[in-house]
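Chains, contacts and geometry: an overview
So you can see what is in the structure, the chains are spelled out below.
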Amino acid sequence: QVQLVESGGGLVQAGGSLRLSCAASGQTLYTMAWFRQAPGKEREFVAAITWRGDNAYLPDSVKGRFTISRDMAKNMIHLQVNSLKPEDTAVYYCAATPAATLQRGADNYDYWGQGTQVTVSS
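Quick caveat: nothing in here was measured; it's all calculated off a predicted structure.

**Here's the deal with the pattern of salt bridges**
- Enumeration over the complete set of coordinates arrives at four salt bridges.
- For D88, the salt bridge identified is with R65, shortest N-O distance 2.7 Å. In this pair, D88 sits in the loop between β8 (76-81) and β9 (90-97) while R65 sits in the loop between β6 (56-57) and β7 (66-71), placing the two residues 23 residues apart along the sequence. Judged on exposure class, the residue D88 and its partner R65 are both buried.
- Bridged by salt links that share partners, the residues R36, E44, R65 and D88 form one connected network.

Quick look at the structure:
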């Protein structure tokens, strides 16, 4: 079992930055990821990182603005989000899967946090 708790969301002006964090408890040998969901839209993959933190993937839509990292000692992952745009407004979710390889589909993740709201004003 894995429990995930996100933090770090908030209200920020366009062009600003936030650092989202996800604390994991329980079994931690998992690939972990961030997804986001805006009102009326499907959940969207944002970033994933292997349990060792030696491989990560971000889609082109956020690459260059977002960075995912993992702190093995603290059992946490972080998502640094820079140059925020109003279209980045969403609830950001942390997820975990026992799969050893990076996964982009939400259906591949077994454990989810409650989400943290990110709102970007123009």
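**What about the nonpolar core?**
- Counting 29 residues, the largest nonpolar core has L4, M32, W34, V46, F66, L79 and Y92 as the members making the most contacts within it.
- Those elements that provide at least two residues to this core are β1 (2-7), β3 (18-26), β4 (31-37), β5 (44-49), β7, β8, β9 and β11 (116-121).
- Discounting chain neighbours no more than four positions away, the residues touching L79 are L18, R19, L20, W34, V46, A47, F66, T67, I68 and Y92.
- Membership of the second largest hydrophobic core comes to six residues, among which are A33, F45, A95 and Y109.

What counts, and where the lines are drawn
Numbering of residues starts from 1 in every chain and runs along the sequence as written. Side-chain atom pairs in this predicted model are given and counted only at pLDDT of 80 or more, local residue features only at pLDDT of at least 70, and totals for whole chains, interfaces and linings cover all residues. Side-chain metrics rest on all non-hydrogen atoms present in the structure, leaving aside hydrogens and water. We count a salt bridge whenever a side-chain nitrogen from Lys or Arg sits within 4 Å of a carboxyl oxygen from Asp or Glu. Strands are runs of DSSP state E lasting at least 2 residues, helices are runs of H or I lasting at least 4, and numbering of each runs from the N terminus. In this scheme, a residue with accessible area under 20% of its type's maximum is buried, one over 50% is exposed, and one in between is partly exposed, where area comes from a 1.4 Å probe on protein chains only. To define a nonpolar core, start from buried Ala, Val, Leu, Ile, Met, Phe, Trp, Tyr and Cys residues and group those joined through side-chain atoms within 4.5 Å. Note on contacts: a residue pair qualifies if any of its non-hydrogen atoms lie within 4.5 Å across the two residues.

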